[in-house]
Amino acid sequence: MRLMELRAGQRVAILMIAFAIQLFSHILWGNYVLRHPMYQHFISKDWIEWIGIVYYSGLFGAIGLVLIGLKISTNARLEWWLSFTTVWFFTIILMMGAYVSGLLSISTGAVMVGAVVTGMMLLPVPMVLSAVFTTIIAMLVLNDLTIAGALDYAPLFLDISVRESVEFGRFYYFSQFFFATPFLMFFIGIAYLFLKETNSYIQRIQLLNKTDSLTGVMNRRYANDYLHMLLEAADVKSVAIFMIDLDFFKRINDSFGHLTGDQALKMTAQILKKNLRDGDVVARFGGEEFIVILKNIDTTYSMVVAERCREAVSQLVYHSTSHGAISWTCSIGVSVLALPTEMSDQSLIRIADTALYQAKAQGRNCVVLGDSIETDMELMSHEHR
Ligand SMILES: Nc1nc2c(ncn2[C@@H]2O[C@H](COP(=O)(O)OP(=O)(O)OP(=O)(O)O)[C@@H](O)[C@H]2O)c(=O)[nH]1
């Protein structure tokens, strides 16, 4: 189950389960401290009882919100109210807890930051931000009242003379640590899941952006970018491209249907990949046209590889249930270029395209090498005109 795909109610439920666990751990802390004479002179019994009532009510409220969150189906209005109630319920109880245990304490700081970040991942951002701004203002006012002497600082813990002892110091910091840790673990866990999911979405989108959905090989945009990058790369000595076009493909579509045509395209893409090295790029350039881009390869070897691809395509057979065995061929135009060059990537493609037309004119199912020097001069004078 992905975090980002959860319904608003489910998100509220996750947040409230964590909150309920946190409140329960605070209640346990209160009961433990109250029962141990050693700690009793460190804490205010009245305040612990007061915050105990708040936390018990919070615990039941959180459980109620979990149940409502899991129960409501997708309903924009209900979801809005549920998220709104959750944000403010969470904020008010946390504010009360922060006041009694110290507005400037480690646990308050950790929860302030963590709650905002996690809240923005799970709940509507404007709601969370409005709660954050209100909390900041409330904290400023409470801090000011504390400084002015109208309120006690961290009233849960007893008076200043006790606060100065080593035992109290240990008790206070251990308590703060205990208050902050479960919250922090939850925040870190949610942030980790969120980042993991975001990264996998980004990778998926990047992949979809550069692959052809039918055949699974790269798309034309990627091929153009890659070729452009190769021509500029300092460590590339030569580039070869094959323009590959299936022969009489219209006939396959017309005689056996488009789905069979699609199968032929997929099988062609796969066999081309199989006959090339890992670093070579195969992309679908148009309808029934593919481009192959190879680097650091000479003309002789390019022709060997192109011939191997042509041969492999001609041996493909698609077994159709209604039409039996279907096979097809392809024509290939090759252009090879030593680098560095003044020539553009588009010129290199045009040379291979011209060679491809020649292959079609020569009867198809063959490989023709483009005359890069002649075409090069022609194209360059064309480009400079
Ligand atoms: N099934 C299928 N067919 C496609 C796709 N894209 C293009 N085509 C078909 O590919 C065919 C290309 O036909 P033409 O350009 O006339 O070329 P051809 O029949 O292959 O003939 P030559 O290239 O001259 O050998 C058309 O019928 C297009 O409809 C596709 O994604 N799937």
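Conventions used here
- Residues numbered from 1 in each chain as written.
- Predicted model: local features only at pLDDT ≥ 70, side-chain atom pairs only at ≥ 80, totals over all residues.
- Heavy atoms only, no water.
- Salt bridge = Lys/Arg side-chain N within 4 Å of Asp/Glu carboxyl O.
- Helix = DSSP H or I, 4+ residues; strand = E, 2+ residues; numbered from the N terminus.
- Polar contact = N/O pair within 3.5 Å; in protein donor to acceptor, adjacent residues only side chain to side chain.
- Pairing = 2+ DSSP bridges.
- Axes fitted to C-alpha atoms, helices over the stretch in contact; angles between N-to-C directions.
- Contact = heavy atoms within 4.5 Å.
- Expected span 1.5 Å × (residues − 1).
- Buried < 20%, exposed > 50% of the residue type's maximum accessible area, 1.4 Å probe, protein only.
- Arc of directions from axis to C-beta.
- Near = heavy atom within 4 Å.
- Areas by Shrake-Rupley, 256 points an atom, 1.4 Å probe, with all protein chains shown as cover.
- Nonpolar A, V, L, I, M, F, W, Y, C, P; charged D, E, K, R; others polar.
- pLDDT = per-residue confidence, 0-100.
- UniProt positions renumbered as here; feature names shortened; annotations may be inferred.
- Patch = residues over 30% accessible without salt bridge, like charges linked within 9 Å, V, L, I, M, F, W, Y side chains within 5 Å.

Engineer: What should I look at first to understand the pattern of salt bridges in this one?
Structural biologist: A side chain with one charge can pair with a side chain of the opposite charge if their charged atoms come near. Scanning all chains against the criterion turns up 8 salt bridges. Ionic pairing is found between Arg310 and Glu311, a salt bridge with its closest N-O pair at 3.4 Å. What emerges from the salt-bridge pattern is a single network uniting Asp245, Asp247 and Lys360.

Engineer: Teacher, can you tell me more about the side chain of Ser320 here?
Structural biologist: Within the element layout of this structure, Ser320 appears in strand β4 (residues 318–320). Within the structure, the side chain of Ser320 is placed 3.3 Å from the backbone nitrogen of Ser322, a separation counted as a polar contact.

Engineer: Can you walk me through the sheet that holds strand β2 (residues 281–284) in this structure?
Structural biologist: Sheet strands associate in pairs through backbone hydrogen bonding, adopting either a parallel or an antiparallel arrangement. With respect to topology, 5 strands assemble into an open sheet ordered β2-β3-β1-β6-β7, the strand pairing being mixed. The two strands at the open ends of the sheet, each matched to only one other strand, are β2 and β7 (367–369). Each strand of the sheet is rotated relative to its neighbour by a mean of 20°, with strand direction disregarded. Of the strand pairs in this sheet, strand β6 (residues 330–338) and β7 are connected by 3 bridges, and their pairing is parallel. Each bridged residue has a counterpart across the sheet, and for Ile332 the counterpart in β7 is Val367. Of the strands in this sheet, β1 (238–246), β2 and β3 (289–295) are in contact with helix α11 (residues 258–274), which crosses β3 at around 10°.

Engineer: Explanation requested: helix α12 (residues 299–314) in the structure shown.
Structural biologist: Side chains three or four residues apart in an α-helix point the same way, a direct result of the helix having 3.6 residues per turn. Between the first and last C-alpha of α12 there are 22 Å, a value that for 16 residues agrees with the 22 Å anticipated at 1.5 Å per step. Among all positions of α12, only Ser302, Val305, Ala306, Cys309, Arg310, Ala312 and Val313 are buried. Projection of α12 onto a plane perpendicular to its axis shows the buried side chains occupying an angular sector of 165°, all on one side. Those residues of α12 hidden inside the fold are in contact with β1, α11, β3, β6 and β7.

Engineer: Help me understand the site of the ligand in this model?
Structural biologist: What surrounds the ligand is a group of 17 residues, the closest being Phe248, Phe249, Lys250, Asp262 and Arg284. In the model, an oxygen atom of the ligand is placed 2.5 Å from a nitrogen or oxygen of the Arg284 side chain. In the complex, 67% of the free accessible area of the ligand, which totals 660 Å², lies under the protein chains. When residues of the shell around the ligand are traced back to their parent elements, those giving at least two are β1, α10 (249–256) and α11. Per element, the largest residue contribution to the shell around the ligand is 4 residues, and it comes from α11. A per-class count over the shell around the ligand returns 5 nonpolar, 4 polar and 8 charged.

Engineer: Could you clarify how one ought to interpret the confidence of the model for the protein in this entry?
Structural biologist: Residues shown with low pLDDT carry predicted positions that ought not to be read at fine detail. With 95% of its residues at a pLDDT of at least 70, the protein reaches an overall mean of 90. Model confidence for the complex is summarised by a pTM of 0.66, with the ipTM given as 0.90.

Engineer: I keep staring at the UniProt feature "transmembrane region" (unreviewed entry) in the protein and nothing clicks. Help me out?
Structural biologist: According to UniProt, the "transmembrane region" (unreviewed entry) feature falls on residues 12–30, 50–68, 80–100, 106–125, 132–151 and 171–195. In residues 12–30, the share of helix is 100% and the share of strand is 0%. The end C-alpha atoms are 26 Å apart. The straight-line gap between the two end C-alpha atoms of residues 106–125 is 25 Å; of that span, 90% is helix and 0% is strand.

Engineer: Mind showing me how you'd approach a nonpolar patch on the surface here?
Structural biologist: A cluster of nonpolar side chains, Met120, Val125, Leu129, Phe133, Ile136, Ile137, Leu140, Val141 and Leu145, forms an exposed patch at the surface whose accessible area comes to about 770 Å². For the nonpolar patch, the element with the most residues is helix α6 (residues 125–148), which contributes 8 residues. Following the sequence through the fold, Leu145 ends up in helix α6.

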